[in-house]
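Residue strings, one per chain:
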Amino acid sequence: MTETLNVLVFTCEGREHLLQKTWASFAPRLEGIKHRLILAIDGHVSPEASAIIRPNVVVQNYQRQGYIQSILNAISIIDSELFLWLEDDWQITGEF
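Now for a look at the structure at hand. Residue indices follow the written sequence of each chain, beginning from 1 at its first position. For this predicted model, a pLDDT threshold of at least 70 governs which residues receive local features, and a threshold of 80 or more governs which side-chain atom pairs are given and counted, while totals over whole chains, interfaces and linings are taken from all residues. Excluding hydrogens and water, the side-chain figures rest on all heavy atoms present in the structure.

Next up on the list: the sheet that holds strand E4 (residues 83-87). The strand order across the open sheet built from four strands is E3-E2-E1-E4, with neighbouring strands paired in parallel fashion. The open sheet has two edge strands, strand E3 (57-61) and E4, and neither has a second partner. Strand-to-strand, the axes of this sheet are offset by a mean angle of 20°, without reference to chain direction. Where strand E1 (residues 5-12) and E4 come together, five bridges link them in parallel fashion. Each residue of the ladder has a partner; that of Leu8, found in E4, is Trp85. Residues are treated as being in contact if the distance between any of their heavy atoms lies within 4.5 Å. Simply put, an axis is a line fit to the C-alpha atoms, just over the touching stretch for a helix, and the angle between two N-to-C directions goes from 0 to 180 degrees. A run of DSSP states H or I qualifies as a helix once it reaches four residues; a run of E qualifies as a strand once it reaches two. Both are numbered from the N-terminal end. Taken strand by strand, helix H1 (residues 19-26) contacts E1, strand E2 (35-42) and E4, and its axis lies near 140° from that of E4. The sheet contacts of helix H3 (residues 67-75) involve E1, E2, E3 and E4, and relative to E1 the element is tilted by about 155°. Think of it this way: DSSP has to see at least two bridges between two strands before they count as a pair.

Any Phe, Tyr or Trp ring, taking Trp's six-membered ring, that has another such ring centre within 6.5 Å forms a pair; planes under 30 degrees apart are called stacked, those over 60 apart edge-to-face, and the others tilted. Scanning the entire structure with this criterion turns up two aromatic pairs. With a centroid separation of 4.7 Å and 40° between ring planes, the pair formed by Phe10 and Trp85 is classed as tilted. Within this pair, whereas Phe10 is found in strand E1, its partner Trp85 is found in strand E4, the two being separated by 75 residues in sequence. The interplanar angle of 50° and the centroid separation of 5.6 Å between the aromatic rings of Trp23 and Phe26 together place this pair among those described as tilted. Here Trp23 pairs with Phe26, and both are found in helix H1, just three residues apart, close to one helical turn.

Okay, here's the thing in structure tokens:
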């Protein structure tokens, strides 16, 4: 049985514009990998942020509660031993 990889993508108010470049560098590497995409948002972000990555699950604090609270909320729904963590301003340049 193949376990589903949980992919956590974190962003917050005022930083969602970074997602497009990050996601473009990362998304092709998920092809062929069974995964569940979780977008964790701290504060208000534009609807386009979610449309860029098309997550399976969105975990959002509508009022900013801080980065740590967003992380705790997102991690609380992880249902596998392993998960992949991706920040809104990271770019993947190598293979994995």
